[in-house]
Amino acid sequence: MSEKFDVIIVGAGPAGSAAAYSLAKMGFNVLIIERGKYPGAKNVMGGRMYAYALNRLIPEFWKEAPVERKVTREKLTFQGEKASFTLDFMDEELREPPNSFTVQRAKFDQWFANKAVEAGATLVPGIRVDDLIWENKKVVGIVAGTDKIEANVVIAADGAVSLIAEKAGLKKFDVKQFALGMKEIIELPEKTIEERFNLASGEGAAQLFVGQCTKEIPGGGFIYTNKSSLSVGIVIYIDRLIKKKIESHNIILEFNTNPEVARLIEGGKILEYSAHVIPETSRSGLFIDGLLVAGDAGGLVVNSGLTLRGMDMAIASGVAAAEAVKKAAEKNDFSKEILSYYEELLKRDFVLRDKETFKKAPEFLQNEKLYTLYPDFVCRLFHRLTLVNGPKKRVFDEILEESEGKRIQMFLDMLRGMRAL
Amino acid sequence: MNISIEERLGLVSFEIDNEKHIKVDTSLCSECDEKTCLYFCPTKRFTLENGKIKHDYEGCIECGTCKFACPKGVVDFNYPRGGYGVYYKYG
Ligand SMILES: Cc1cc2nc3c(=O)[nH]c(=O)nc-3n(C[C@H](O)[C@H](O)[C@H](O)COP(=O)(O)OP(=O)(O)OC[C@H]3O[C@@H](n4cnc5c(N)ncnc54)[C@H](O)[C@@H]3O)c2cc1C
Ligand code: SF4
Ligand code: SF4
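Residues numbered from 1 in each chain as written. Chains lettered and ligands numbered in written order. Predicted model: local features only at pLDDT ≥ 70, side-chain atom pairs only at ≥ 80, totals over all residues. Heavy atoms only, no water.

## Concerning the site of ligand 1
Residues in contact with ligand 1 amount to 35 residues; listed here are only the nearest, E34, G46, R48, R105 and D296 of chain A. In this structure, ligand 1 sits where chains A and B come together, each supplying nearby residues. Between an oxygen atom of ligand 1 and a main-chain N or O atom of V44 of chain A, the distance comes to 3.2 Å. Burial of ligand 1 by the protein chains amounts to 97% of its free accessible area of 1000 Å². At the level of secondary structure, the elements contributing two or more residues to the shell around ligand 1 comprise helix 1 (14-25), strand 2 (30-34), strand 15 (269-279), strand 19 (308-309) and helix 9 (311-331) of chain A. A breakdown of the residues in the shell around ligand 1 according to their chemical character gives 16 nonpolar, 10 polar and 9 charged. The residue makeup of the shell around ligand 1 includes at least three contributed by each of domain 1 (5-67 + 103-173 + 281-348) and domain 2 (177-279) of chain A. (Near = heavy atom within 4 Å. Polar contact = N/O pair within 3.5 Å; in protein donor to acceptor, adjacent residues only side chain to side chain. Areas by Shrake-Rupley, 256 points an atom, 1.4 Å probe, with all protein chains shown as cover. Helix = DSSP H or I, 4+ residues; strand = E, 2+ residues; numbered from the N terminus. Nonpolar A, V, L, I, M, F, W, Y, C, P; charged D, E, K, R; others polar. Domains from an automatic or database assignment.)

So this is what it looks like as structure tokens:
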């Protein structure tokens, strides 16, 4: 290939496809290069995409996209040592407009990349981008094997590990900035899923687990309902896992045997196992001369404990990158001064604003007590409140007794939580 | 329902490359007390055999953890060549 493109996008995940789709619609000559045999072949996520960002780009996308179920039920389970306590939230208003959908990436990413192709982008799968081409300290293209392809600007949308952002000289991520997500797909009949999760046909549930399941390691478990399978998995902070000296794959293995989880997956068949790192803090620089970084490659994921958002952030950042490229093209100047408009857009929109709002969340969420003391506290308190084996005390007295010796700590953590979340 | 990591990996599809995409300079591993790779790798690709660390690139699902989590930085991480490596059917 000796052709020159206006824009080259590395990676056909949601960030890359959103950028490609937007740019192709604006009339740019766009090339997306994906190392997987097909878009989505390499990609892993828990299972739920918040609809807002994609709905702005492709209104009512769910009518054509391969989404699994519309999430209308949110569950949060605290796991104590012997007991568990579940909050079950059903909201009619999560139906219309839909708040989030469960998705499977192999299907979804192919659909989205294909939308970009329909809009006029060129997609080349099965090729790994190895390096960048530089001219006067500006990025002017990419190298893939022996191929060199030039472009006015390159968008690195190559995911959390982002070797391309490293090639661009942006600061390397550190292990503390990552969580590890592991998951499995468990096949179950549609009807069984709807019965077990108390769902109307076509609707879905998201259930998060906090406590015992991560073995005192900060993180959590999840189950998302697909059409005829469940996505079941664990997210943990890597540096804490290492300190505990527990083999990561055993944590997900044991999660399956937790009584609460075992009942939900009973009779199911594991179809696939997958894992990937998740970045928790953003890069300090998201652009240089001739290059922009979007999605996970820029660390644009927000974890507030209750919501893990990477897909919508990736899509919104891809769209913002496209807008910044448009502005640069109008001025025919792809220097970092003009491309800085990207950051301005991310701040104006929700991406960097939400990162700022939740910037203390990763630190707060790494507090071990959230995964040991509190889930256990909730479970033991409910144990006290529900058990009848003699004279009962007043509810308030039970709370005071159960929290004896922990109250100051709990109060301080609550304050921290309110500040961080 | 609860199947071992080896059985789990049997459910994952791969296009195995004959070129190693991850190279581990194990000569420095003897000086590593933590041996964290034995814990972080979700597919158990790092093993200790007769006191030596061994890394098997086949069956690696390219999660990226070893690139960041080896304390000595002896893991030279790259992705498999285009089209090779893991390919998820669900993801
Ligand atoms: C277990 C787990 C659970 C998660 N749960 C959720 C969730 O419930 N909701 C949510 O919103 N987010 C979730 N996330 C986060 C979400 O998956 C990511 O934020 C999202 O995929 C980011 O999209 P992206 O396009 O930036 O990167 P990716 O989806 O990683 O896409 C990057 C693409 O670039 C390609 N690529 C990489 N390097 C090269 C190269 N050198 N040459 C060519 N191609 C290359 C890759 O093959 C890939 O297709 C989860 C993540 C994990 C791991
Ligand atoms: S953690 Fe790194 S240095 Fe230590 S034994 Fe494993 S590969 Fe070797
Ligand atoms: S990339 Fe992940 S799966 Fe592959 S060897 Fe490294 S830690 Fe293990």
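## Considerations on the environment of S84 of chain A
Residues and elements named next belong to chain A. Following the sequence through the fold, S84 ends up in strand 5 (residues 84-90). Look at S84 and you get partly exposed, because its relative accessible area is 33%. Polar contacts involving the side chain of S84 include one to the side chain of E260, which spans 3.2 Å. (Buried < 20%, exposed > 50% of the residue type's maximum accessible area, 1.4 Å probe, protein only.)

## A closer look at the interface of chain B and chain A
Listed per partner, the contact involves 42 residues of chain B and 50 residues of chain A. For the pair chain B and chain A, the summed buried surface comes to about 4100 Å²; carbon and sulfur atoms form 59% of the total. Our count for the contact surface shared by chain B and chain A stands at 5 salt bridges. We note a salt bridge from E62 of chain B to R35 of chain A, for which the minimum N-O separation is 2.7 Å. Inspection of the chain B/chain A interface yields 23 residue pairs in polar contact (both at pLDDT 80 or more). Elements with a minimum of two residues in the side of chain B that touches chain A: helix 1 (5-9), helix 2 (37-40), helix 3 (65-69) and strand 6 (85-86) of chain B. With 4 residues, the top contributor of residues to the side of chain B that touches chain A is helix 3 of chain B. (Contact = heavy atoms within 4.5 Å. Buried area = accessible area lost by both parts, 1.4 Å probe. Salt bridge = Lys/Arg side-chain N within 4 Å of Asp/Glu carboxyl O.)

## Structural notes on the packing of helix 14 (residues 373-386) of chain A against helix 15 (residues 395-402) of chain A
All names here are of chain A. Where helix 14 meets helix 15, the axes come as close as 10 Å, and the angle between the chain directions of the two elements is 140°. In terms of orientation, helix 14 and helix 15 fall into the oblique class. The handedness of the crossing between helix 14 and helix 15 is right-handed. In contact with F377, R380, L381, R384 and L385 of helix 14, helix 15 contributes V395, E398, I399, E401 and E402. In the contact of helix 14 with helix 15, the residues fall into 5 nonpolar, no polar and 5 charged. (Axes fitted to C-alpha atoms, helices over the stretch in contact; angles between N-to-C directions. Parallel < 35°, antiparallel > 145°, perpendicular 65-115°, else oblique. Left-handed = near helix turned anticlockwise from the far one by under 90°.)

## Description of the confidence of the model for chain B
Residue and element names in this part refer to chain B. Of all residues in chain B, 99% have pLDDT values of 70 or greater, and the mean over the chain is 94. The spread of mean pLDDT over the elements of chain B runs between helix 1, the lowest at 92, and strand 6, the highest at 97. Reported for the predicted complex are a pTM of 0.93 and an ipTM of 0.97. (pLDDT = per-residue confidence, 0-100.)

## Let's talk about the pairing of strand 12 (residues 203-211) of chain A
Residues and elements named next belong to chain A. Burial analysis of strand 12 places 9 of its 9 residues in the buried class, which makes it a mostly covered element. Across 9 bridges, strand 4 (residues 67-79) lies against strand 12 in parallel orientation. Residue pairing for strand 12: R73 is matched across the bridge by A205. Pairing of strand 12 with strand 13 (residues 219-225), which is carried by 4 bridges, proceeds in the antiparallel orientation. Note that in strand 13 the partner of Q207 across the bridge is I223. (Pairing = 2+ DSSP bridges.)

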